[in-house]
Amino acid sequence: MKYGIVIRYEFDASWLRLGRDERNAKEEVFQKEIVGPFADKLSVRHFDAEAFSTDYSDFLFVETDDLTSYYYFIEKLRDSDFIAHGWVRLRDISIGIQDGYKEYENDNA
């Protein structure tokens, strides 16, 4: 089964006080050290949302068929400087199964 996961989060003002060069360098760390180890198991895309929501500033859309890898990705994120320094606050996580009803119908026909 393919899972779609939306992770809504907010960047703290302390993140915004960092210079753009420093933020870009940390984005490279995020891609290499947090997403990288799971690149063969997860598709991770980033979306800006601050112009459209006041509850969160950004969200990730993750696709996977391996929930264990997804869980380990979240643990790695939680262990990162992004969370430890308070730069990012996770706001909400939603998960769904792509075409889950079709899977059900195939299994119960």
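Right, let's talk about the sheet that holds strand β3 (residues 58-64) for a bit. Hydrogen bonds between backbone groups are what pair the strands of a sheet, and the pairing can be parallel or antiparallel. Strands sit in the order β2-β3-β1-β4 across an open sheet of four strands; the sheet is antiparallel. Both outer strands of the open sheet, β2 (42-48) and β4 (88-97), are each paired with one neighbouring strand and no more. Going across the sheet, the axis of each strand differs from the next one's by a mean of 20°, ignoring polarity.

On to the nonpolar core, then. Counting 21 residues, the largest nonpolar core has I7, F30, L60, V62, Y70 and F73 as its most contacted members. Elements supplying a minimum of two residues to this core: β1 (3-11), α2 (20-35), β2, β3 and α3 (67-78). Residues within four places of F30 in sequence aside, it is in contact with V35, L60, F73, L77 and F82.

Enumeration according to the criterion identifies nine aromatic pairs in this entry. Relative to F73, the ring of F38 has its centre 6.3 Å away and its plane inclined at 80°; by these criteria the two rings are edge-to-face. With F38 in the loop between α2 and β2 and F73 in helix α3, this pair connects stretches of sequence that are 35 residues apart. Aromatic side chains Y71 and Y72 sit 6.3 Å apart centroid to centroid with 65° between the ring planes, which places their arrangement in the edge-to-face category. Three or more aromatic residues joined by ring pairs make a cluster, and in this case those are Y9, F11, W15, F30, F82 and W87. Its guanidinium or amino end placed over the ring of Y56, R8 lies 5.8 Å from that ring's centre, counting from NZ or CZ.

Moving on, we come to the packing of α2 against α3. At their nearest, the axes of α2 and α3 sit 10 Å apart, and the two run at 135° to each other. Considered as vectors, α2 and α3 are oriented oblique to each other. Like other packed secondary-structure pairs, α2 and α3 cross with a definite hand, here right-handed. Judged by residue contacts, F30, E33, I34 and V35 of α2 engage F73, K76 and L77 from α3. Among the residues forming the contact of α2 with α3, the class breakdown is five nonpolar, no polar and two charged.

As a further point, take the environment of W15. Residue position: W15 is located in helix α1 (residues 13-16). Sequence separation of W15 and W87 is 72 residues, and the distance between their C-alpha atoms is 5.0 Å.

About the thresholds
Residues numbered from 1 in each chain as written. Predicted model: local features only at pLDDT ≥ 70, side-chain atom pairs only at ≥ 80, totals over all residues. Heavy atoms only, no water. Pairing = 2+ DSSP bridges. Helix = DSSP H or I, 4+ residues; strand = E, 2+ residues; numbered from the N terminus. Axes fitted to C-alpha atoms, helices over the stretch in contact; angles between N-to-C directions. Core = buried A, V, L, I, M, F, W, Y, C linked by side-chain atoms within 4.5 Å. Buried < 20%, exposed > 50% of the residue type's maximum accessible area, 1.4 Å probe, protein only. Contact = heavy atoms within 4.5 Å. Phe/Tyr/Trp six-rings, centres within 6.5 Å; stacked < 30°, edge-to-face > 60°. Lys NZ or Arg CZ within 6 Å of the ring centre and 35° of its normal. Parallel < 35°, antiparallel > 145°, perpendicular 65-115°, else oblique. Left-handed = near helix turned anticlockwise from the far one by under 90°. Nonpolar A, V, L, I, M, F, W, Y, C, P; charged D, E, K, R; others polar.

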